[in-house]
Amino acid sequence: AEYTSDITRPYYRQLAHLSAAFALLVEVSLMRFGTSLKFQETISGLLSDLLLHQYALSTSLKYYDEHHHASHTDQTELLHWIAQTRIHDAQNTLLELTQKLPGWRFLKWLILPRGLNQAAPGLKQQQSLIQALTHHHSFKHNLTDAILVSQPDGTHSPLAELEESFNLAHQLESLLKRYGDIREN
C-alpha cells in the first residue's frame, strides 16, 4: 500500500501471510467439520485467537502510519514491540491450530515453512519501552488520551487509581530531582 512506511512495510507483509494462513485454515476446518465447527471449541477458539492477533496488528500498523511523527522514536519502539509480540503469538497459534487438523504436517509445512521465525520481544526492548512509558509523560498521554478512567457514578475505577498513582509518582520524581533525596543528608 502507498501509505506504508519503511518501518511498517515488513509487518504488513507478515500480516498478509497471516491472513492467507487464516483463510486457508478456516476453509480446511469447514471442510473437515462442516456445520459442527461451532462445537469444536478448541478449533474455533484458536481461530478467534488468530483473528484477534491479526486485528491488533493491523490496527497498530494503521495507527502508526496515520499518527507517527519522525521525532517520536518511542512510537516506533512501541510498534516494533506490538508487531513482534502479535506475530510471535499468531505463529504459535498457527502451529497449535495446524496440529489439531487432519494432515497437520502438510499444513504446517505450507503455512510455516521456516517454522516459528518471529521471536518475542527481548527483555532489553521491553525495559526500553517501559522506560519510555514511565518517563515521557506525553508519550503515555497520547496512548491513553481517549480512555475513560472514571466510573459514571463518580467513584474511582482501578484504571483511575492507576492513573493517579502514575501522576503522583511523576510528581514525586520531579520533587526528588529538584530537592534531592532527604536520606542523603
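Remember, predicted model here, so these are calculated numbers, not experimental data. (Residues numbered from 1 in each chain as written. Predicted model: local features only at pLDDT ≥ 70, side-chain atom pairs only at ≥ 80, totals over all residues. Heavy atoms only, no water.)

Peer 1: So what's going on with the packing of aromatic side chains? Residues and values would help.
Peer 2: Here the distance between the centres and the angle between the planes together describe a pair of aromatic rings. Evaluated as defined, the whole model comprises one aromatic pair. Seen from their ring centres, phenylalanine 106 and tryptophan 109 are 5.9 Å apart, and the 35 degrees between their planes marks the pair as tilted. Of this pair, phenylalanine 106 and tryptophan 109 both sit in helix H4 (residues 104-111), three residues apart, roughly one helical turn. (Phe/Tyr/Trp six-rings, centres within 6.5 Å; stacked < 30°, edge-to-face > 60°. Helix = DSSP H or I, 4+ residues; strand = E, 2+ residues; numbered from the N terminus.)

Peer 1: Outline the pattern of salt bridges, supporting the account with residue identities and numerical values.
Peer 2: Going through the model one piece at a time under the given rule, you end up with two salt bridges. For arginine 9, the salt bridge is made with aspartate 6, and the minimal N-O distance between the two is 2.7 Å. For arginine 9, a relative accessible area of 34% translates into the label partly exposed. As a salt-bridge pair, glutamate 66 and lysine 62 come within 2.4 Å of each other at their nearest N and O atoms. (Salt bridge = Lys/Arg side-chain N within 4 Å of Asp/Glu carboxyl O. Buried < 20%, exposed > 50% of the residue type's maximum accessible area, 1.4 Å probe, protein only.)

Peer 1: Go over the packing of helix H1 (residues 9-33) against H4 with me, naming the residues and quoting the values.
Peer 2: Look at H1 against H4: their axes get within 11 Å of each other, and the N-to-C directions meet at 160 degrees. When the axis of H1 is compared with that of H4, the two are roughly antiparallel. In this structure, H1 meets H4 at a crossing whose hand is right-handed. Contacts from His17, Ala21, Leu24, Leu25 and Val28 of H1 reach H4 at Leu107, Leu110 and Ile111. For the contact of H1 with H4, a count of residues per class yields seven nonpolar, one polar and no charged. (Axes fitted to C-alpha atoms, helices over the stretch in contact; angles between N-to-C directions. Parallel < 35°, antiparallel > 145°, perpendicular 65-115°, else oblique. Left-handed = near helix turned anticlockwise from the far one by under 90°. Contact = heavy atoms within 4.5 Å. Nonpolar A, V, L, I, M, F, W, Y, C, P; charged D, E, K, R; others polar.)

Peer 1: Explain the packing of helix H3 (residues 73-98) against H4 to me, and be specific about the residues and the numbers.
Peer 2: Axis separation between H3 and H4 bottoms out at 9 Å; the angle between their running directions is 155 degrees. Considering their axes alone, H3 and H4 lie roughly antiparallel with respect to each other. Two secondary-structure elements touch here, H3 through Leu94, Leu95 and Thr98 and H4 through Trp104, Leu107, Lys108 and Ile111. Considering only residue class, the contact of H3 with H4 consists of five nonpolar, one polar and one charged.

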